[in-house]
2 protein chains.
Amino acid sequence: MKAEIIAIGDEVLLGQIENTNAGWIARQLAREGIAVHHMSVIPDEEEAILESFNRAFRRSDATLITGGLGPTHDDLTKALFARFFDLPIVFRNDILEEVRELYRKRQLSFIETSREQANFPSGATPIRNPHGTAPGIWYEREGRVFVAMPGVPVEMRAMMVDFVLPRLVQRRHGKVTLFRTLHTVGIKEALLFEKLDNREEILQHSRLAFLPGYTGVRIRLTVEAESAEEANMRLDKAEKALRSRINPYIFGSGEEFTLEKGVGELLLRERLKLAVAESCTGGLLAKRLTDNPGSSRWFERGFVTYSNEAKHELLGVPFELIERHGAVSAEVAEAMAEGAIRNSHAQVALSITGIAGPEGGTPEKPVGLVYLGIADREGVSHQRHQFGGDRRTNRLRSVAAALVMLIDRLRPRPHVSDGQLV
Amino acid sequence: MKAEIIAIGDEVLLGQIENTNAGWIARQLAREGIAVHHMSVIPDEEEAILESFNRAFRRSDATLITGGLGPTHDDLTKALFARFFDLPIVFRNDILEEVRELYRKRQLSFIETSREQANFPSGATPIRNPHGTAPGIWYEREGRVFVAMPGVPVEMRAMMVDFVLPRLVQRRHGKVTLFRTLHTVGIKEALLFEKLDNREEILQHSRLAFLPGYTGVRIRLTVEAESAEEANMRLDKAEKALRSRINPYIFGSGEEFTLEKGVGELLLRERLKLAVAESCTGGLLAKRLTDNPGSSRWFERGFVTYSNEAKHELLGVPFELIERHGAVSAEVAEAMAEGAIRNSHAQVALSITGIAGPEGGTPEKPVGLVYLGIADREGVSHQRHQFGGDRRTNRLRSVAAALVMLIDRLRPRPHVSDGQLV
C-alpha cells in the first residue's frame, strides 16, 4: 500500500512553520508497514492544490492532506476537495451540533464564523475533531482513500489515532514494508561502513542505510515482504548479522529510542539520580531529559546558572576560580559538576559551560568552545570540545556530547580509534 | 523567480528525521523575495529522483536539492544529477585536496571511502563544504539553476550562505514576492477575523493570512510586485490599515520575532532581570528564553525543581505547603515564584508547576492541569490552566502561557473578552 502526504499552506512554503505533521504521520504509517513514497508542500492556490490532488489520486493508494481546513478566506482545502471529486456541499446539522457542544464544554460563547464548519462535501465522511471546530474529511473512490485533516498538530494527531489509522490498517493490501533502527554511539559513519565492509550477509535479508547525527549513527534495516511475519523474520536475520560485527557500539534500538531514554534506563538500572548544571545550554539538557515521561524517577534537579553569581551561589563555584580561568574553562566545568552533586540528592551530575555564540568569543576562547564536566561520589572529570559557529548547533552538540559522556561513564565500551570524518 | 526545494531520503519519508532544511532554505529565499512554490520529499530511488528532477527543471527557475550526497551506497544524488544532465563524471584532484585538507585540519587520518567525494560531474561547479567532505553541486542550463547540497544542516547552511544565496540573488528576475508578519497576543483567530471584517482596505494592497499558534495569532501580509520598492510600499499601506484596527494586540513584527525575543526586549527596556522556576516543563522555559543570543543581559538564572526536595531546598517552598495543597497547586506556584525572587538577583520571576502527563493525573488534578506563578518585588499572583492530554503539547502550552502572563504584567493591554475558539 503506497501512501502520500500533502501539506497545504503558504506558511510552510515561507518557512514560517515547520511541517512536523508529515514526519509524525509517516512514523505512524511506517509502524503499520504502510510506506510513504512522497511528501509535498504546496501553496494556498487553487491550481496547485487541484494539480496535487490529481497526481496523488493517480499514483497513491492513500492520500493524507493537512492544512487549509480553517474557517477563514485563505482556507481552500474543503471547497477544492469537494470540487475535485464533484461532491455538492451540504449543510450538516450534526456537525453544527458538535461544534456548539465544543463551545459549551469550554464555556465559551459561540462565534458565527464557526457555522461555516458545518458545510460539508456530500458523500464524504466527517472525522470528529475533539480539539477544534474543523472536522476532517474521509472519502473513498475506486479503492483509493483521500483524507483531509487540519494543520494544527493536536487536532490532526487525534484524528489520525482515533479514526484514520485504524481504517487505513483495515484496508492495507499488497506488500508490507517494515524497518528496524539500531542506534550506535561512539563510532563515525565512515568507520562503521568499513566495519560492515562484507555486507552480503546483511544485504541478502534487508536494505541498509546510515543516518549520522550529533549523538551517533543510526542504522536502518528495511524489508519489503508479503507479510509482516516474513518481514520480521528477515529483519531478525539481518539484525543478527549486523550485531555480530558491531554489537559493542549499539546502544539501543527502535523508533522511539532516544539517547535520553537510554540514559534514563541506565540510571534506573544503576539506581542513580542525575542532576545537571548548565550555562550556555540554558536548560536545553534538562529539557531534553525531562521530555521523557517518568523522568522524575531518575532526574533530580537542574541548575541553569547563566550568570557567574548563579554559579557561585547555587553551585558554590568560587568567584576566584572563575576570575582565574574564566567561566568557560575545564576548572569551572568540574567545579559546576561537583557543586551539582553537593547541592542536590543526585549521585551523578553533568555540567556544561561554553560559548554558544554568536557573540562572546575571543581568539583564545572562540565561539563553539565548550567544556563538559561529570562528577559522582568518586570523582570528577571533564571534556573539551571545539564546535562551530552556529548558536543552535553548538547547544545541540553540547547536549549530545554530555549525554555520550554520561553513557561512557555508566557503560564503558571497548576503545575505538574515534574521530573519523564521513 | 520561482524556486522549488527537493529533499532526497528514505529517513525523512519514514519520519526518522524532520526535514528542517526545507523551512530554513525557504526563509532565506523569502527574505530575498524569491518565492518557493513547491517542496517535496522523495525516496532514495532512481526513478523517483529522476522524475522529480524532470518536473522541477520544467516548472522552476531554481531547484534546490538536499540529501543523498554522502559516500555510501544509498547516496544517489550525485550520480543521478550527472545522468539527468548527461554530464560525465571526472576525478578532480582539487576536490581531493580540499577533503585531505579538512582531515589535516581536524588532525584525523584519511579514510579511503572519502576519495569518492572527488568524483564530480564535469561542467558543474563544486560548492566548498567547510564542515564536511561532500562538495555541493551548482549547475546552470537554459537559464535555470540546479543545486545539490548535503542533507546535514550545518553543511547545507554554510553552502547556502557562502555560495548559493548570493548567486541566486544575482540571477533573480521577474516579480518579487515580499511578506511581512505581525505577531498578536491575547486575541484568538476568529475574533481577529471579525475585527478585520471590513478588510477591503487591507486586501487592496496585500494578501492576508492568519497563523494561529499557542502564543497568539500571527498575521502575514504578502505582496507580489515588479520591484522590492513597490512591494514594500504596498506592505506599508496594508500594515497601516491593519494596525488602525488591531494595534493593541500586536506585540511584534518580522520573521525573526519570537515571543521570547519580545519578552527580552521588554525586560531590557525596563532594566529588569528574570529568573524562572520550573517543575513540569523541566527546563523548557529556560531553554526557550536562552535560545536568544544576548539573553544573559536579562535572564539571570533558572531552577529546574523537578523533585519536592529541590522545590524546598532551592526555592524555600515549605514541605508543609506541598503536603497540604499538592506540588501542583496555586499556592506552590506562587511560593515557587516568590522563592525564585528571593534566591536570585532577578526582579521578576515566573514559575510553572503542572501535570504534563501521560502519567500522574488524578480525578481532581487531571493531566494537563498547570499553575503558573509570577512574582516581583511588589507581589505575586497565579493562573490556572487546564490543557489536554499530550505531554509535549502541555509543556509547550505551559511555556507559551507563562510568556504571555509575563507580557501582560510588563505591558498591560486593553481588556478583551478572550477565550474564543476558532
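Structure: above.
Treat the numbers as computed from the prediction; the structure is a model and nothing was measured.

J.: What's the story with the overall build of chain A in this structure? I'm lost.
T.: A count of helical and extended segments in chain A gives 15 helices and 17 strands. Viewed in the frame of its principal axes, chain A has a C-alpha envelope of about 75 × 60 × 40 Å. Across the 422 residues of chain A, 58% fall into the buried class. For chain A, the computed accessible surface area is about 16,800 Å², with 47% contributed by carbon and sulfur atoms. The averaged location of the 57 negative side-chain charges in chain A is 4 Å from the averaged location of its 55 positive side-chain charges.

J.: Just to check I follow, could you spell out the pattern of salt bridges for this structure?
T.: One side chain can pair with another of opposite charge once the charged atoms of both are near each other. Applying the stated criterion to the full structure yields 50 salt bridges over all chains. Ionic pairing is found between Glu-101 of chain B and Arg-104 of chain B, a salt bridge with its closest N-O pair at 3.2 Å. With a gap of 3 residues between them, Glu-101 of chain B and Arg-104 of chain B both fall in helix 5 (residues 93-105), about one helical turn apart. The residue Asp-236 of chain B makes a salt bridge to Arg-180 of chain B at a minimum N-O spacing of 2.8 Å. Note that Asp-236 of chain B is positioned in helix 9 (residues 228-246) and Arg-180 of chain B in strand 9 (residues 176-184), a separation of 56 residues in sequence. Judged by relative accessible area, which is 43%, Asp-236 of chain B ranks as partly exposed. The class for Arg-180 of chain B is buried, based on a relative accessible area of 17%. Each of Arg-180, Asp-236, Glu-239 and Arg-243 of chain A takes part in one network of salt bridges that share partners.

J.: It is not clear to me how the relation of the copies chain B and chain A should be interpreted in this structure. Could you clarify?
T.: Between the two copies of the chain lies a relationship made up of a rotation around an axis and a movement along it. Placing chain B over chain A gives an RMSD of 0.1 Å and needs a rotation angle of 180 degrees, together with 0.0 Å of translation along the axis. Such a combination of turn and shift is consistent with a two-fold rotation axis.

J.: What's the story with the sheet that holds strand 12 (residues 250-253) of chain B in this structure? I'm lost.
T.: Whether parallel or antiparallel, the strands of a sheet pair through hydrogen bonds between backbone atoms. All names here are of chain B. On the basis of which strands lie adjacent, the open sheet formed by 4 strands has the order 10-11-9-12 and antiparallel pairing. The sheet is open, and its two borders are formed by strand 10 (207-213) and strand 12, each paired with just one other strand. Within the sheet, the average angular offset between the axes of one strand and its neighbour, ignoring direction, is 25 degrees. Two elements, strand 10 and strand 11 (residues 216-225), share 7 bridges in a ladder whose sense is antiparallel. In the strand pairing of strand 11, Ala-209 is matched with Arg-220.

J.: Any chance you could explain the interface of chain B and chain A here in plain terms?
T.: A common way to report how large an interface is uses the accessible area buried once the components associate. Contacts between the two partners involve 89 residues from chain B and, on the opposite side, 89 residues from chain A. Summed over both partners, the interface of chain B with chain A comes to about 7,700 Å²; 54% of that surface belongs to carbon and sulfur atoms. If you look at where chain B meets chain A, you find 10 salt bridges. Put simply, Glu-313 of chain B and Arg-301 of chain A hold a salt bridge, and the shortest N to O gap is 2.9 Å. Here chain B and chain A share 38 residue pairs in polar contact (both at pLDDT 80 or more) between them. The element contributing the most residues to the side of chain B that touches chain A is strand 2 (residues 35-42) of chain B, with 7 residues. A per-class count over the side of chain B that touches chain A returns 35 nonpolar, 28 polar and 26 charged. Where strand 2 (residues 35-42) of chain A and strand 2 of chain B come together, 3 bridges link them in antiparallel fashion. Paired with Val-41 of chain A across the bridge in strand 2 of chain B is Met-39 of chain B.

J.: Please explain helix 14 (residues 330-342) of chain B as it appears in this structure.
T.: Think of an α-helix as 3.6 residues a turn; residues three or four steps apart then line up on the same face. For helix 14 of chain B, built from 13 residues, the straight-helix expectation of 18 Å at 1.5 Å per residue is met to within 8% by its first-to-last C-alpha distance of 18 Å. Turning to helix 14 of chain B, its buried residues number three or more, namely Ala-330, Val-332, Ala-333, Ala-335, Met-336, Ala-337, Gly-339, Ala-340 and Ile-341 of chain B.

J.: Can you walk me through the sheet that holds strand 6 (residues 125-127) of chain A in this structure?
T.: Spatial ordering of the open sheet is given by 6(A)-7(A)-8(A)-3(A)-1(A)-2(A)-2(B)-1(B)-3(B)-8(B)-7(B)-6(B), a layout of 12 strands whose pairing is mixed. Looking at which strands have only one partner, the edges of the open sheet turn out to be strand 6 of chain A together with strand 6 (125-127) of chain B. Within the sheet, the average angular offset between the axes of one strand and its neighbour, ignoring direction, is 15 degrees. The strands that helix 2 (residues 20-31) of chain A touches are strand 1 (2-8), strand 2, strand 3 (62-66) and strand 8 (144-149) of chain A; relative to strand 2 of chain A, the one it contacts most, it runs at about 165 degrees.

Rules used throughout
Residues numbered from 1 in each chain as written. Chains lettered and ligands numbered in written order. Predicted model: local features only at pLDDT ≥ 70, side-chain atom pairs only at ≥ 80, totals over all residues. Heavy atoms only, no water. Helix = DSSP H or I, 4+ residues; strand = E, 2+ residues; numbered from the N terminus. Buried < 20%, exposed > 50% of the residue type's maximum accessible area, 1.4 Å probe, protein only. Areas by Shrake-Rupley, 256 points an atom, 1.4 Å probe, with all protein chains shown as cover. Lys, Arg positive; Asp, Glu negative; His and termini not counted. Charge placed at Lys NZ, Arg CZ, Asp CG, Glu CD. Salt bridge = Lys/Arg side-chain N within 4 Å of Asp/Glu carboxyl O. Least-squares fit on C-alpha atoms with pLDDT ≥ 70 in both. Pairing = 2+ DSSP bridges. Axes fitted to C-alpha atoms, helices over the stretch in contact; angles between N-to-C directions. Contact = heavy atoms within 4.5 Å. Buried area = accessible area lost by both parts, 1.4 Å probe. Polar contact = N/O pair within 3.5 Å; in protein donor to acceptor, adjacent residues only side chain to side chain. Nonpolar A, V, L, I, M, F, W, Y, C, P; charged D, E, K, R; others polar. Expected span 1.5 Å × (residues − 1).

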